[in-house]
Amino acid sequence: MSYAALRSIGAYVPKKILSNDDLAKMVDTSDEWISKRTGIKERRIAAKDETTSDMGVEAAKKAIERSGIEIEDIDMVICATISPDYFCMPSTATIIAKKLGLGNTTAFDISAACTGFVYILSIAKAFIESGMKKNILIIGSEKLSAITDYTDRGTCILFGDGAGAAMVSATQNIDEAIIDINTGSDGTYADLLMSPNGGTGSPHDSLDQEATSCFMQMKGNETFKVAVRTLTKDVVEILEKNNIESSAIKHFIPHQANYRIIKAVGDALKMTKEQVVVTVDKYGNTSGASIPMAINEIYENGSLKSGELLLLDAFGGGLTWGSALVPFSPLK
Ligand code: UT7
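Residues numbered from 1 in each chain as written. Predicted model: local features only at pLDDT ≥ 70, side-chain atom pairs only at ≥ 80, totals over all residues. Heavy atoms only, no water.

## Here's the deal with the environment of Val13
Point 1. Position of Val13 among the secondary structure elements: in the loop between β1 (3-12) and β2 (16-19).
Point 2. When the C-alpha positions of Val13 and Ile74 are compared, they lie 24 Å apart, and in sequence the two are 61 residues distant. (Helix = DSSP H or I, 4+ residues; strand = E, 2+ residues; numbered from the N terminus.)

As structure tokens, this is what we get:
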């Protein structure tokens, strides 16, 4: 039997920085409020002509180059995004595959909001363990600035743009293998986080509606409480199921939504400051890109070493959630 191993990581962030002070000129807010309530200091904003696939390609190039796997050996591309190049079709994954010169590779997107990266990791694992695919490129890429309402201070302070990518490939060595992934959803809470207009659930009735049709809406305070509860429960379950103590986790990588959520979950799990990876201060919430961007951060600053155990923990619109126990298993 083949197992699935996380071989490499890469990320890309756009150059433009949107600071809290910049936002305070746009809506009734302040650096002090945003810093205190979210831990966010700044976020990145893609250029007008820079697409979700463009960012995904840049992250993917790094992941491919670092993986030691030849580009022609990639047999699947999966992209997690809620801000695709085109809604419905074509998928952003097919565009990324084309821009990378990947020929006729299987490529598709999935929609699981901020849990997207954990979902695509689980799909990659399943395809590899079944023997159907060997080398799968997974990408979380978001241009959330394109679906953010910059007149709504309850959401526009949170979100940013960026991309992260990883190579997952087959191994016969169980020590390199992804240990477990747990994913779930509960549509009862669908209205906490939505882009309500434009789909068949809420079709356009006028052209005017079109311009703002995809903007995200969020019941922030309710979402916050469910996030803390769900993120904590999910991790407790995966650790118990696999008989692993939280002290054995080298890097705990929660979805980067709000520092207060990260702190509450980290404290509930008795994680030390050194274990918990935080990037929300620099990049805000980048939804499906947040977890791979955070893994890339510790890779590039030299603190992620071969064989170290990562615990991923995500939560997002749907509601969806997911956690994963993943040793970092580079080939080079
Ligand atoms: O990634 C997917 C999951 N998303 C999340 O996990 C996001 C979860 N939610 C949050 O991060 C927080 O709920 C927010 C940061 C969005 C809001 O923080 P909060 O502490 O929950 O604030 P709140 O919504 O309870 O509002 C408290 C007060 C209100 O004023 P009043 O009614 O007390 O006078 C708001 O109008 O803060 C006000 N407020 C703001 N003030 C200044 C809300 N947003 C802002 C703002 N600047 N940007």
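Right, picking up where we left off after that structure.
## Concerning the side chain of Glu142
Point 1. For Glu142, the location among the structural elements is in strand β6 (residues 135-143).
Point 2. A distance of 3.0 Å separates a polar atom in the side chain of Glu142 from a polar atom in the side chain of Thr81. (Polar contact = N/O pair within 3.5 Å; in protein donor to acceptor, adjacent residues only side chain to side chain.)

## Some details on the site of the ligand
Point 1. Lining the immediate environment of the ligand, one finds 23 residues, of which Thr29, Arg37, Asn221, Asn258 and Asn285 sit closest.
Point 2. A distance of 3.0 Å separates a nitrogen atom of the ligand from a polar backbone atom of Gly220.
Point 3. At 2.9 Å from an oxygen atom of the ligand is found a side-chain nitrogen or oxygen belonging to His255.
Point 4. Burial of the ligand by the protein chains amounts to 73% of its free accessible area of 950 Å².
Point 5. Breaking the shell around the ligand down by element, the ones donating at least two residues are α2 (31-38), α6 (153-156), α8 (220-241) and α9 (259-268). (Near = heavy atom within 4 Å. Areas by Shrake-Rupley, 256 points an atom, 1.4 Å probe, with all protein chains shown as cover.)

## Brief notes about helix α5 (residues 116-129)
Point 1. With 14 residues, α5 should cover 20 Å at 1.5 Å per step; its first-to-last C-alpha distance of 20 Å lies within 8% of that length.
Point 2. Among all positions in α5, only Gly116, Phe117, Val118, Ile120, Leu121, Ala124, Lys125 and Ile128 are buried. (Expected span 1.5 Å × (residues − 1). Buried < 20%, exposed > 50% of the residue type's maximum accessible area, 1.4 Å probe, protein only.)

## Structural notes on unusual backbone geometry
Point 1. Look at the link from Met89 to Pro90: it is a cis peptide, with omega at -5°.
Point 2. Considering the arrangement of structural elements, one finds Pro90 in the loop between β4 (76-80) and α4 (92-99).
Point 3. Between Gly318 and Leu319 the backbone carries a cis peptide bond, its omega angle lying at -15°.
Point 4. You can see Leu319 is positioned in the loop between β12 (309-316) and β13 (320-327).
Point 5. Here Ser287, not a glycine, exhibits a phi torsion of approximately 50°, which is positive.

## Focus: the pairing of β12
Point 1. The buried fraction of β12 is high, at eight of eight residues.
Point 2. What you see with β12 is no split at all: Leu309, Leu311, Asp313 and Phe315 on one side and Leu310, Leu312, Ala314 and Gly316 on the other are buried throughout.
Point 3. Strand direction decides the pairing type here: strand β11 (residues 251-254) and β12, joined by four bridges, are parallel. Residue pairing across strands places Pro254 opposite Asp313, the latter belonging to β12.
Point 4. Note: β12 against β13, eight bridges, orientation antiparallel. Residue Ala314 lies in a different strand from β13, and its bridge partner there is Gly322. (Pairing = 2+ DSSP bridges.)

## Section: the sheet that holds β12
Point 1. Strand order across the open sheet formed by four strands is β8-β13-β12-β11, with mixed pairing between neighbours. At either end of the open sheet lies a strand with only one pairing partner, and these are β8 (180-185) and β11. When the angles between neighbouring strand axes are averaged without regard to direction, this sheet yields 10°.
Point 2. Sitting on the sheet, α8 is in contact with β8, β11, β12 and β13, with an inclination near 145° to β12. (Axes fitted to C-alpha atoms, helices over the stretch in contact; angles between N-to-C directions. Contact = heavy atoms within 4.5 Å.)

## Points about the nonpolar core
Point 1. Counting residues in each nonpolar core, the largest one holds 37 residues, and the members touching the most others are Ile249, Phe252, Leu311 and Leu325.
Point 2. Elements supplying a minimum of two residues to this core: α8, α9 and β12.
Point 3. With seven residues, α8 is the largest single contributor of residues to this core.
Point 4. Beyond its immediate chain neighbours, meaning those up to four positions away, Leu325 contacts Ile178, Ile179, Asp180, Ile238, Leu239, Asn242, Ile244, Ile249, Leu309, Leu310 and Leu311.
Point 5. The next biggest cluster of nonpolar side chains, apart from the first, holds 33 residues, and it includes Ile120, Leu121, Leu312 and Val326. (Core = buried A, V, L, I, M, F, W, Y, C linked by side-chain atoms within 4.5 Å.)

## Considering the sheet that holds β1
Point 1. Ordered in space as β1-β7-β6-β4-β5, the five strands form an open sheet in which the pairing is mixed. The sheet terminates laterally at β1 and β5 (106-110), the two strands that pair on one side only. If you compare each strand with its neighbour and ignore which way they point, the axes differ by 20° on average.
Point 2. For β4 and β6, the ladder comprises five bridges, and the chain directions are parallel. Paired with Met76 across the bridge in β6 is Ile136.
Point 3. On top of the sheet, α4 reaches β4, β5 and β6; it is set at about 140° to β5, its chief contact.
Point 4. Along the sheet, α5 contacts β1, β4, β5, β6 and β7 (161-171); its crossing angle with β6, the most-contacted strand, is approximately 165°.

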